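# Structure at a glance
Listed below are the residues making up each chain.
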Amino acid sequence: MKNIFKFAAIALLASAAISCQGALEKDEVEAGFAPKQELPVVAISPEVECDAILGIAKVTFSITRVAGAEGLEAGVISDTDPSFYNSTFTAVESPAEGTFTVTAKVIPNTTAYIKAVASNNSGSAYSETITVQVPDVPFFYKVPGNYRSGSFMSYFDDEVAMNFNIVADDEDPLKVTVENFEPYFASNGYTADKGVNVFEGEIDEENMEVIIYRGQLVGYKDVYLDGFDNEDPDVAEYMDDVHIKFDSSCQTATILNACGACSSGGWYNLMYGGIVCTKN
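Residues numbered from 1 in each chain as written. Predicted model: local features only at pLDDT ≥ 70, side-chain atom pairs only at ≥ 80, totals over all residues. Heavy atoms only, no water.

### A short note on the nonpolar core
Phe 164, Phe 181, Val 210, Ile 244, Phe 246 and Ile 255 are the most contacted members of the largest nonpolar core, which totals 31 residues. Considering every element that reaches this core, the biggest residue donor is strand β19 (residues 242-246), with three residues. Those residues in contact with Phe 181, other than ones at most four positions away along the chain, are Met 162, Phe 164, Asn 197, Phe 199, Ile 212, Leu 225, Val 242, Ile 244, Ile 255 and Cys 259. Listed in part, the 25 residues of the second largest apolar core include Ala 57, Val 66, Ala 118 and Ala 125. (Core = buried A, V, L, I, M, F, W, Y, C linked by side-chain atoms within 4.5 Å. Buried < 20%, exposed > 50% of the residue type's maximum accessible area, 1.4 Å probe, protein only. Helix = DSSP H or I, 4+ residues; strand = E, 2+ residues; numbered from the N terminus. Contact = heavy atoms within 4.5 Å.)

Structure follows, in structure tokens:
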């Protein structure tokens with residue numbers, strides 16, 4: 001209540017000050033505005049080189065009418081939805097008048113919607129939207145990447161969040177390395193860049209899963225990764241490897257079963273199954 005009265009008093013004082021000074025003339029007000037700039041003109045080429053394995057599309061676009069423009073920025077936006085609601089922006093370094101080629105992010109086995117954009121201090125201009133049919137690729141090509149979840153409560157009511165990387169094997173396409181999968185130790189500095197919290201796994205193409213072998217050491221004393229055969233450890237009957245299920249485009253990964261870090265002395269961290277992570 002005190003704050004409400006305080007703000008009201010300030011508003012009254014400001015109102016009184018304006019009434020004493022008199023209203024500003026129109027030309028005086030407009031003189032304080034920054035001069036309006038012309039918006040750039042952006043055009044995009046329909047010719048696109050798409051690499052579904054890398055998840056990129058090479059796009060060419062041009063920018064004109066940028067003379068004297070301040071705050072110029074340019075690039076392309078891409079999305080699987082024509083509304084561009086969750087679009088990814090790929091910027092051009094040092095934009096100027098001319099033609100540029102950039103690599104937009106695309107997802108295998110989807111339709112990519114792409115358009116170029118250029119903006120200055122007066123606003124943004126867009127090209128027309130082009131569509132690219134991105135072909136599908138084998139499942140093992142789509143799996144590698146970074147996956148994250150929001151915060152959630154562990155079995156022991158600790159707040160944790162997943163942020164792990166899946167790295168392809170150089171020799172065997174069905175083998176992977178999973179980095180920083182154990183969130184409790186990752187949050188305490190036990191991370192892959194220090195040679196710990198790194199686990200071997202395999203790709204199960206038929207079930208669209210990555211399986212992390214149980215019993216692998218985390219990197220702290222005798223602590224190892226283990227899992228259950230159910231998403232609820234209180235219902236589970238047996239121990240199991242960790243199973244991560246992917247959607248067909250590998251944009252989401254769900255940790256199916258309960259898992260965590262334990263040692264001969266007990267559990268350091270235990271999580272229920274059903275954790276959904278999103279690919280960055």
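What follows continues from the structure just given.
### Topic: the pattern of salt bridges
What the rule picks out here adds up to four salt bridges. The salt bridge involving Glu 38 is made with Arg 65; its shortest N-O contact spans 3.8 Å. In this pair, Glu 38 is assigned in the loop between α2 (26-31) and β1 (41-44) and Arg 65 in the loop between β3 (56-64) and β4 (73-79), connecting sequence segments 27 residues apart. Given a relative accessible area of 53%, Glu 38 falls into the exposed group. Classification of Arg 65 as partly exposed rests on a relative accessible area of 43%. A salt bridge links Asp 136 to Lys 142; the nearest nitrogen and oxygen atoms lie 3.0 Å apart. What makes Asp 136 partly exposed here is its relative accessible area of 43%. (Salt bridge = Lys/Arg side-chain N within 4 Å of Asp/Glu carboxyl O.)

### Notes on the pairing of strand β10 (residues 145-148)
Two faces make up the sheet, and in a regular strand the side chains alternate between them. Both β10 and strand β13 (residues 163-168) contribute to a ladder of four bridges, which runs antiparallel. Residue Arg 148 lies in a different strand from β13, and its bridge partner there is Asn 163. (Pairing = 2+ DSSP bridges.)

### Comments concerning the side chain of Thr 191
Positionally, Thr 191 belongs in the loop between α4 (183-187) and β15 (198-204). Accessibility expressed as a relative area gives 17% for Thr 191, which makes it buried. Here the side chain of Thr 191 touches Asp 193 through a polar contact of 2.4 Å, side chain to side chain. If sequence neighbours within four positions are ignored, Thr 191 has contacts with Asn 180, Ala 186, Val 196 and Asn 197. (Polar contact = N/O pair within 3.5 Å; in protein donor to acceptor, adjacent residues only side chain to side chain.)

### A few points about the pairing of strand β9 (residues 130-134)
Only one face of β9 is covered, namely the face carrying Ile 130, Val 132 and Val 134; the face carrying Thr 131 and Gln 133 is uncovered. Looking at chain direction, strand β7 (residues 110-120) and β9 are connected through five bridges and run antiparallel. By the bridge assignment for β9, Ile 114 is matched with Ile 130.

### Digging into the sheet that holds strand β22 (residues 266-271)
To summarise the sheet geometry, strands pair through backbone hydrogen bonds and adopt either a parallel or an antiparallel arrangement. Read from one edge to the other, the open sheet built from four strands follows the order β18-β17-β21-β22, with strand pairing classed as antiparallel. Both edges of this open sheet fall to β18 (239-240) and β22, since each of them pairs with a single strand only. By the bridge criterion, five bridges tie strand β21 (residues 259-263) to β22 in an arrangement that is antiparallel. Its bridge partner being in β22, Ala 261 is matched across the sheet by Asn 269.

### Some words on the sheet that holds strand β16 (residues 209-212)
A barrel is described by the order of its strands in space; here eight strands give the closed sequence β10-β13-β14-β15-β16-β19-β20-β23, paired in antiparallel fashion. Direction aside, the axes of adjacent strands within the sheet are offset by 30° on average. Of the pairings in the sheet, the one linking β19 to strand β20 (residues 252-255) comprises three bridges and is antiparallel in character. Bridge pairing in β20 places Ile 244 opposite Ile 255. (Axes fitted to C-alpha atoms, helices over the stretch in contact; angles between N-to-C directions.)

### Brief notes about the packing of aromatic side chains
A ring pair, where both rings are aromatic, is described by two values, the distance of the centres and the angle of the planes. In this structure the tally under the stated criterion is 15 aromatic pairs. Each ring, one from Phe 185 and one from Tyr 220, has its centre 5.7 Å from the other, and the planes form 40°; the classification is tilted. Remark: Tyr 220 occurs in the loop between β16 and β17 (224-228) and Phe 185 occurs in helix α4; sequence separation between them is 35 residues. Summarising the aromatic geometry, the rings of Phe 185 and Tyr 268 are spaced 5.6 Å apart at their centres and angled 50° between planes, so their arrangement reads as tilted. Pair noted here: Phe 185 is in helix α4 and Tyr 268 is in strand β22, with a separation of 83 residues, a long-range link. By relative accessible area, Phe 185 is classed as buried at 3%. A network of ring pairs unites the aromatic residues Phe 139, Tyr 147, Phe 164, Phe 181 and Phe 246 as a single cluster. (Phe/Tyr/Trp six-rings, centres within 6.5 Å; stacked < 30°, edge-to-face > 60°.)

By themselves these figures say nothing about function.
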